[in-house]
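Single-letter residue listing:
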Amino acid sequence: MNYKREYNKYLTSSVLDTANNKIASTAFISAFAIYLGLSDFALGIYAILDTIANVIQIFAAPLYSKIGQSKKIVLSIYSVYRISYFSLVFIPFISSNMGLVTALFFVLATIGSLAGKLVNSALINWCMTLIKNEDRTNFAWTRHFLNNTAVLAFTLIMGVILDKFTASGYELYGFLILFAIIFIIAFTDISIRVKTFKPEVIQEKITLKDNIVIPARDKNFRSVLITGGINRFAYAIGTMYLNVFLLRYLNVGYLYYSILNILISLAEAFSSKFWASQSKNRDWTKIILPMSVLFVIAFTVLLTFENSMLIYLLPLIYILIGFGNAAYEMYDHIAIYESAKDNYQTSYVAFERFIEGVATMLIPLLSYTILQETENAIRITFLISIMSYAILFMYYKFRKK
């Protein structure tokens, strides 16, 4: 095996994968869902669907311990993940009935999310097994920088295209171009993975019970679970209606919408090396504390300012969110894996994602029972997010002492 060549393949496929996730993210897919006519509640659930789907990862380690982590099986599931999201483009041609449209949208999105989460721990395990310990920080920030800068031009171009087609009365054609690009990137990504070396992964035989009990009882892993659970809940509830808020209530155009998403990517890309330097000695207070402050400021601005002012403050808000995202990504891709026991990394990653999913599952219930489809209700989600990040901040301050 040529380590440098395989390292570059993993980096390339990781960049393509993450770039596609950003392109097919809640931002543009939510815009497509708004075009389809989905309700605010449906759009909010979709925004957090990907995190809720993390619960299926609890079955990943027991499943792979029985069938093995063969490249053919993992890449087949990964292909289902990509095809499901691409298939959303066919919905407008199938029916105009709102009930059927909503059902088809969530069936395809749910299949995609579940398939993606099922292979997530295996793909992470392959990557982290291959890459040497001393290269992991460099890999993380390089991947983060490349996958954010890679989508900048695309995001801007798509904003212009969608605005132009919408103004001409052909909004659907703009989305067809979007999904065509999603397909091309996915096909290229899968083609590279097929030809990439799969490292030998030691997968201990493990039951579903052990998959829960072993990481849950590990005291060294507990802070990772608490951090992941609080952060995912806080971020999910703060952003679940953000796209709806911009497109439906602030009436932001697609071009401005694209520029905002570019700012997130730029902020993530250019701050990733800084967060990498902060994480070299694995003192995670240098990551989590400033990250919590960034998100508190961003959501406080969203909560307190009037719409007329928010239009001008959105770039600042999105930059702060981008800085915060980059901080947590650095923690997420290193702390979880390195806190796991040897030969149980897949189980630890899966259980941490399961905790994130369980924490996020509280949000639809909260949204359905308490929050109504109004602009003021959306602002309440910003308030809950602020309180949650304040709790995370205090937890880390207390933990450090």
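Data block above holds the structure.
Described in the following lines is the structure provided in the data block. (Residues numbered from 1 in each chain as written. Predicted model: local features only at pLDDT ≥ 70, side-chain atom pairs only at ≥ 80, totals over all residues. Heavy atoms only, no water.)

Describing the overall build of the protein chain
Each helix and strand in the protein chain was counted, giving 18 helices and 0 strands. Every one of the 401 residues in the protein chain was classed for burial, and the buried ones make up 56%. When the accessible area of the protein chain is evaluated, it comes to approximately 16900 Å², of which 66% is carbon and sulfur surface. (Helix = DSSP H or I, 4+ residues; strand = E, 2+ residues; numbered from the N terminus. Buried < 20%, exposed > 50% of the residue type's maximum accessible area, 1.4 Å probe, protein only. Areas by Shrake-Rupley, 256 points an atom, 1.4 Å probe, with all protein chains shown as cover.)

What about the nonpolar core?
Ranked by size, the top nonpolar core spans 124 residues in total, and within it Phe105, Leu246 and Ile317 carry the most contacts. The biggest single contributor to this core is helix α16 (residues 307–338), with 16 residues. If sequence neighbours within four positions are ignored, Ile317 has contacts with Ala298, Val301, Leu302 and Leu310. (Core = buried A, V, L, I, M, F, W, Y, C linked by side-chain atoms within 4.5 Å. Contact = heavy atoms within 4.5 Å.)

Some details on the environment of Ile181
Looking at the secondary structure, you find Ile181 in helix α10 (residues 171–194). Along the chain, Ile181 and Asn20 lie 161 residues apart, while their C-alpha atoms are 8.9 Å from each other. Residues within four places of Ile181 in sequence aside, it is in contact with Phe154 and Met158.

Let's talk about α10
An ideal rise of 1.5 Å per residue puts 34 Å on 24 residues; α10 measures up with 36 Å between its terminal C-alpha atoms. When we look at burial in α10, the residues that qualify are Glu171, Leu172, Gly174, Phe175, Leu178, Phe179, Ile182, Ile185, Ala186, Asp189, Ile190 and Arg193. (Expected span 1.5 Å × (residues − 1).)

A closer look at helix α14 (residues 254–278)
The end-to-end C-alpha distance of α14, which contains 25 residues, comes to 35 Å, matching closely the 36 Å that a straight helix rising 1.5 Å per residue would cover. Of all the bends in α14, the largest measures some 40° and sits at Ser272. (Bend = angle between axes of the 7 residues up to and from the residue.)

Remarks on the pattern of salt bridges
Across all of its chains, the model carries 5 salt bridges by this definition. Among the salt bridges present, the one from Asp17 reaches Arg193, with a minimum N-O distance of 3.9 Å. Of this pair, Asp17 sits in helix α1 (residues 3–23) while Arg193 sits in helix α10; the two residues are 176 residues apart in sequence, bridging distant segments of the chain. Per residue, the accessibility class of Asp17 equals that of Arg193, and both read buried. Among the salt bridges present, the one from Asp189 reaches Arg193, with a minimum N-O distance of 2.9 Å. (Salt bridge = Lys/Arg side-chain N within 4 Å of Asp/Glu carboxyl O.)

Some words on the packing of helix α13 (residues 242–249) against α14
Two elements in contact, α13 and α14, have axes separated by 11 Å at closest approach and are oriented at 150°. Looking at the two axes, α13 sits roughly antiparallel to α14. Classified by chirality, the crossing of α14 by α13 is right-handed. For the pair α13 and α14, contact is made by Asn243, Leu246 and Leu247 and by Tyr254, Tyr257 and Leu260, respectively. (Axes fitted to C-alpha atoms, helices over the stretch in contact; angles between N-to-C directions. Parallel < 35°, antiparallel > 145°, perpendicular 65-115°, else oblique. Left-handed = near helix turned anticlockwise from the far one by under 90°.)

Here's the deal with the side chain of Arg193
By relative accessible area, which is 11% here, Arg193 ends up buried. Beyond its immediate sequence surroundings of up to four residues, Arg193 is in contact with Ser13, Ser14, Asp17, Lys71, Leu75, Tyr78 and Leu123.

Here we look at unusual backbone geometry
Unlike most non-glycine residues, Asn251 shows phi in positive territory, near 55°. Mapped onto the elements, Asn251 comes out in the loop between α13 and α14.

Notes on the packing of aromatic side chains
Per the counting criterion, the structure on display carries 22 aromatic pairs. For the pair Phe32 and Phe179, a centre-to-centre distance of 5.0 Å together with 70° between the ring planes defines the contact as edge-to-face. Remark: Phe179 occurs in helix α10 and Phe32 occurs in helix α2 (residues 26–36); sequence separation between them is 147 residues. Assessed through its relative accessible area of 0%, Phe179 is described here as buried. (Phe/Tyr/Trp six-rings, centres within 6.5 Å; stacked < 30°, edge-to-face > 60°.)

A word on the environment of Gly112
As for its position among the elements, Gly112 is in helix α7 (residues 98–130). Relative accessible area serves as the criterion here: at 0%, Gly112 is assigned to the buried category. The spacing of Gly112 and Tyr85 is 27 residues in sequence and 5.9 Å in space, taken between C-alpha atoms.

Points about the environment of Ile45
Structurally, Ile45 can be placed in helix α3 (residues 40–52). By relative accessible area, Ile45 is classed as buried at 14%. Residues Ile45 and Ile237, 192 residues apart in the sequence, show an inter-C-alpha distance of 10.0 Å.

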